[in-house]
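Chain by chain, the residues run as shown.
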Amino acid sequence: MTAPSTNDLTSNDLASNDLASRLQGLWLPLITPFRDGELDEASLRRLVRHYAAGPVDGFILAATSGEGMSLRAGELERLVTLTQSELAATRRHLPILLGLSGASTAKMLDALDETATWPIDGYLIASPYYIRPTQRGLVQHFTALADHASWPIVLYNIPYRTGVSLTNETLLQLAQHPNIVGMKDCGADRAQSIDLLARRPAGFRVLTGEDAEYHDALADGADGAILLSAHLETAAFASLRTLLAQGDRDGARTCWKELSRLTRLLFAEPSPAPAKYWLARNGLIDSAEVRLPMVEISAELAALLDEEIERRRPQLLRRA
């Protein structure tokens, strides 16, 4: 059977193919800056300009790191619009995934309708939380969403937050859907991840979302990563992947030894509060504010982060 020509492909097929080709490398799950209880638009624009000028291959908006579940509907749309507007001003097109999550398939279908005309390239969608459906239920849920969505879907397997894990058999079944192009792997099970990488169909991308497993996941064959930690030392995170691709495993391990210290600090308390503190201290955002039930970091962690910032400052000055 010959592959369909471009003329035979629907616009949805073309979008899926384009996103799949770009779903690799280092993606940033952008934090959402707040100030005085509102979306901080000036800080958001500053963030987008800063990271668009660096070695980032795509943005995730309003996912876990972006406190997406705390955003009002109007804020969510404004977040997307401002990000895309600022990207256009930089003249660099980076793909954008919108994070969506919910426990009701019907409400998720409504959310897909509401966002169908937004300037995005796809969705990052987590498993339904709290309900803990069967694998058969997960297949039907994601199939219904993929059949309905105007943009391609990247699955988000994060069982320690949703209460249910997508098994590899389920993932392999869903990977056959033309509108499901990859997954963010936060399963925290290396053996399962290696098995999936070995059995996945061609073109189905796997990016790790476990910051602490970044080096190992790339060494095992993952296509890239979606890392909160890459808000800091972005170039070093990108460099680690380059070193592995070049076969310089010793260089990659040395690089990772330094970066892993950073990831431990950034997840010492609920994310993204530590990263927001760091970004505010370094002037990329105007406030480290988070929304309840998230709270600011403890004084003890703030002291450790301050210490790490000062330790790294000479390196940053040399690079500048």
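This text follows the structure it describes.
Only a predicted model underlies this, so the values are computations on that prediction, with no experimental measurement involved. (Residues numbered from 1 in each chain as written. Predicted model: local features only at pLDDT ≥ 70, side-chain atom pairs only at ≥ 80, totals over all residues. Heavy atoms only, no water.)

1. Considerations on the pattern of salt bridges
Scanning the model with the defined rule gives 23 salt bridges in all. Measuring nitrogen to oxygen at the nearest pair gives 4.0 Å for the salt bridge that ties R281 to E310. Taken together, the residues R281 in helix α12 (residues 273-281) and E310 in helix α13 (residues 299-319) connect sequence positions 29 residues apart. What emerges from the salt-bridge pattern is a single network uniting E233, E258, R261, E308, R311 and R312. (Salt bridge = Lys/Arg side-chain N within 4 Å of Asp/Glu carboxyl O. Helix = DSSP H or I, 4+ residues; strand = E, 2+ residues; numbered from the N terminus.)

2. Things to note about the packing of helix α10 (residues 234-245) against helix α11 (residues 249-266)
Packed helices, taken two at a time, are described by their axes: the angle between them and the distance between them. Where α10 meets α11, the axes come as close as 9 Å, and the angle between the chain directions of the two elements is 155°. Overall, the two elements α10 and α11 adopt an arrangement that is roughly antiparallel. The interaxial crossing formed by α10 with α11 has left-handed handedness. In contact with A236, F237, L240, L243 and L244 of α10, α11 contributes R249, G251, A252, C255, W256, L259, L262 and T263. Taken together, the residues that form the contact of α10 with α11 break down as 10 nonpolar, 2 polar and 1 charged. (Axes fitted to C-alpha atoms, helices over the stretch in contact; angles between N-to-C directions. Parallel < 35°, antiparallel > 145°, perpendicular 65-115°, else oblique. Left-handed = near helix turned anticlockwise from the far one by under 90°. Contact = heavy atoms within 4.5 Å. Nonpolar A, V, L, I, M, F, W, Y, C, P; charged D, E, K, R; others polar.)

3. Considering the sheet that holds strand β9 (residues 205-208)
Strand order around the closed barrel formed by 8 strands is β1-β4-β5-β6-β7-β8-β9-β10, with parallel pairing between neighbours. Taking the axes of each pair of neighbouring strands and ignoring which way they run, one obtains an average angle of 25° across the sheet. Bridge count for strand β4 (residues 58-61) against strand β5 (residues 96-100) is 3 bridges, and the pairing is parallel. Within the sheet, the bridge partner assigned to I60 lies in β5 and is L97. (Pairing = 2+ DSSP bridges.)

4. A closer look at helix α3 (residues 73-90)
Counted at 1.5 Å a residue, the expected span for α3 with its 18 residues is 26 Å, and the 26 Å between its end C-alpha atoms agrees. All buried positions along α3 are accounted for by E75, L76, L79, V80, L82, T83, Q84, E86 and L87. Buried residues in α3 make contact with β3 (38-39), α2 (41-52), β4 and β5. Two residues or fewer after α3 comes R91, characterised by a positive phi angle close to 60°. (Expected span 1.5 Å × (residues − 1). Buried < 20%, exposed > 50% of the residue type's maximum accessible area, 1.4 Å probe, protein only.)

5. Let's talk about the packing of helix α4 (residues 105-114) against helix α5 (residues 135-148)
Close contact between α4 and α5 brings their axes to 10 Å; oriented N to C, the two are set at 20°. As the angle between them shows, α4 and α5 are arranged roughly parallel. Relative to α5, the crossing made by α4 is right-handed. Contact residues: T105, M108, L109, L112 and D113 in α4; H141, A144, L145 and H148 in α5.

6. Things to note about helix α8 (residues 190-199)
Within the span of α8, buried status applies to Q192, S193, L196 and L197. Projected onto a plane normal to the axis of α8, the buried residues spread over an arc of 135° and lie on a single side. Among the exposed residues of α8, those pointing more than 90 degrees away from its buried face are A191 and A198. Along its buried surface, α8 packs onto β7 (153-157), α7 (168-174), β8 (180-185), β9 and α9 (214-220). (Arc of directions from axis to C-beta.)

7. So, the packing of aromatic side chains
Evaluated as defined, the whole model comprises 2 aromatic pairs. With a centroid separation of 5.7 Å and an interplanar angle of 50°, the aromatic rings of Y214 and F237 are classed as tilted. Placement of Y214 in helix α9 and of F237 in helix α10 is noted, with a sequence separation of 23 residues between them. When the ring of Y214 is compared with that of W256, the centres are 6.1 Å apart and the planes differ by 65°; the resulting orientation is edge-to-face. Taken together, the residues Y214 in helix α9 and W256 in helix α11 connect sequence positions 42 residues apart. Considered together, Y214 and W256 belong to a single accessibility category, that of buried residues. (Phe/Tyr/Trp six-rings, centres within 6.5 Å; stacked < 30°, edge-to-face > 60°.)

8. Details of empty space enclosed by the protein
Applying the stated criterion to the full structure yields 1 cavity of 30 Å³ or more. Each pocket or cavity is described by its volume, and for the largest cavity that value is around 50 Å³. Considering the residues around the largest cavity, the lining is formed by N157, N168, L171, M183, D185, G187, A188, D189, Q192, S193 and L196. Contributions of two or more residues to the lining of the largest cavity are made by α7, β8 and α8. For the lining of the largest cavity, the element with the most residues is α8, which contributes 3 residues. Here the residues of the lining of the largest cavity are counted per class, giving 4 nonpolar, 5 polar and 2 charged. (1 Å grid on protein atoms, 1.4 Å probe; cavity = no way out; pocket = protein on both sides within 12 Å on 5 of 7 lines; lining within 4 Å. Points joined across faces, edges and corners; volume = space filled by probe spheres on them.)

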